[in-house]
Amino acid sequence: MPTLPAPGSEPHRERQAAESFGADPERYDRTRPRYPAPLVDRIVTAGPGPDVLDVGIGTGIAARQLRAAGCRVLGVEVDPRMAAFARRGGFDVEVSAFETWDPAGRTFDAVVSAQTWHWIDPAAGAAKAAGALRPGGLLAVFWNVAQPPPALSDAFGEVYARVLPHLPALGAAMSALDAYAPLFAKATDGIRATGALTEPEQWRFTWEQAYTRDEWLDQVPTIGGHSRFRPAELDALLAGVGAAIDAAGGGFTMAYTTVAVTATRA
């Protein structure tokens, strides 16, 4: 599937892509998948209290789930458009890159980052998080990793290769989890480098979500970098992806693995 991180890439250096998601925050919030309840429950029980810092709060998808579980959430967000959306949902949000954000002496029971940590320098981000955590506080950075059915994944790849041949191609045999593995490794290395956090762990949760053709096409423009495609390219991409889903029966079930890299403040 061609929407995965390119092998060897350093997304945190690609600032234009990192700050492109606010182009349509309403669509982003409407279409992006939520996070599995067992992950939210584990974050809540692993931290020493309810005060959570959400790094890259975006539109507040994970923050709303944490608030519903009893947490008090403060957001940090680099994109003022996304921050404005989250504020409309009732969250306090400070607009800043996390690497340069000033905690002003505040500390938290948990620092979380949902689908965002790869846009942050892994060493500087982990050091900032460690400084913002209370003793025993939890750092949890996590991603939803999507894996379409094999035949549909191949069909999507053919569409991307035809419409956007300039994009880096992934090996056909590479699974979504394999493609994301470098992001997990960089997060792990950054946490270890702080010297202030425990040995990182990985938590994994598997689940599924069914999509109709129109539901998936609604989400596609929110994928990293897609808002920067030329209109004709995006139109052709959506037409090709839609045709592939039609050929597969008009809908499909996406297999998700939510992976969290976690550690606690020593």
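What comes next is a walk through the structure. Please read all numbers here as calculations on a predicted model, not as lab measurements.

### Remarks on the overall build of the protein chain
Phase 1 of the analysis: From N to C terminus, the protein chain includes ten helices and seven strands.
Phase 2 of the analysis: Relative to the compact-globule value of 18 Å for 266 residues, the protein chain shows a C-alpha radius of gyration of 18 Å, a close match.
Phase 3 of the analysis: The buried share among the 266 residues of the protein chain stands at 53%.
Phase 4 of the analysis: Pairs at least 24 residues apart make up 79% of the contacts formed inside the protein chain by residues separated by at least 6 positions.
Phase 5 of the analysis: Entry remark: accessible area of the protein chain is about 11,300 Å², with carbon and sulfur atoms responsible for 54%.
Phase 6 of the analysis: Separation of charge centres in the protein chain, based on 24 positive and 30 negative side chains, amounts to 3 Å.

### Quick word on the sheet that holds strand β4 (residues 108–114)
Phase 1 of the analysis: Taken together, seven strands build an open sheet; the order of strands is β3-β2-β1-β4-β5-β7-β6 and the sheet is mixed. Only two strands of the sheet have a single partner each, and these edge strands are β3 (92–95) and β6 (201–212). Taken over all neighbouring pairs, the strand axes of this sheet differ in orientation by 20° on average, direction set aside.
Phase 2 of the analysis: Across ten bridges, the pairing between strand β5 (residues 133–147) and strand β7 (residues 251–264) is antiparallel. Residue Phe142 lies in a different strand from β7, and its bridge partner there is Ala260.
Phase 3 of the analysis: Along the sheet, helix α5 (residues 80–88) contacts β2 (72–77) and β3; its crossing angle with β3, the most-contacted strand, is approximately 170°.

### Comments concerning helix α4 (residues 61–68)
Phase 1 of the analysis: When α4 is considered as a whole, its buried residues turn out to be Ile61, Ala62, Ala63, Gln65 and Leu66.
Phase 2 of the analysis: The inward-facing, buried residues of α4 contact α2 (25–31), α3 (37–46), β1 (51–55), β2, β4 and β5.
Phase 3 of the analysis: Within two residues after α4, Gly70 carries a phi angle of roughly 105°, on the positive side.

### Examining helix α6 (residues 122–132)
Phase 1 of the analysis: The complete set of buried residues in α6 reads Pro122, Gly125, Ala126, Ala129, Ala130 and Ala132. For α6, the angular spread of buried residues about the axis comes to 165°, placing them on one side.
Phase 2 of the analysis: Its side-chain oxygen 3.1 Å from the backbone nitrogen of Ala123, Asp121 forms the N-cap of α6.

Quick notes on the rules
Residues numbered from 1 in each chain as written. Predicted model: local features only at pLDDT ≥ 70, side-chain atom pairs only at ≥ 80, totals over all residues. Heavy atoms only, no water. Helix = DSSP H or I, 4+ residues; strand = E, 2+ residues; numbered from the N terminus. Rg over C-alpha atoms; globule rule 2.2 N^0.38 Å. Buried < 20%, exposed > 50% of the residue type's maximum accessible area, 1.4 Å probe, protein only. Contact = heavy atoms within 4.5 Å. Areas by Shrake-Rupley, 256 points an atom, 1.4 Å probe, with all protein chains shown as cover. Lys, Arg positive; Asp, Glu negative; His and termini not counted. Charge placed at Lys NZ, Arg CZ, Asp CG, Glu CD. Pairing = 2+ DSSP bridges. Axes fitted to C-alpha atoms, helices over the stretch in contact; angles between N-to-C directions. Arc of directions from axis to C-beta. Polar contact = N/O pair within 3.5 Å; in protein donor to acceptor, adjacent residues only side chain to side chain.

So yeah, pure geometry; function would need other evidence.
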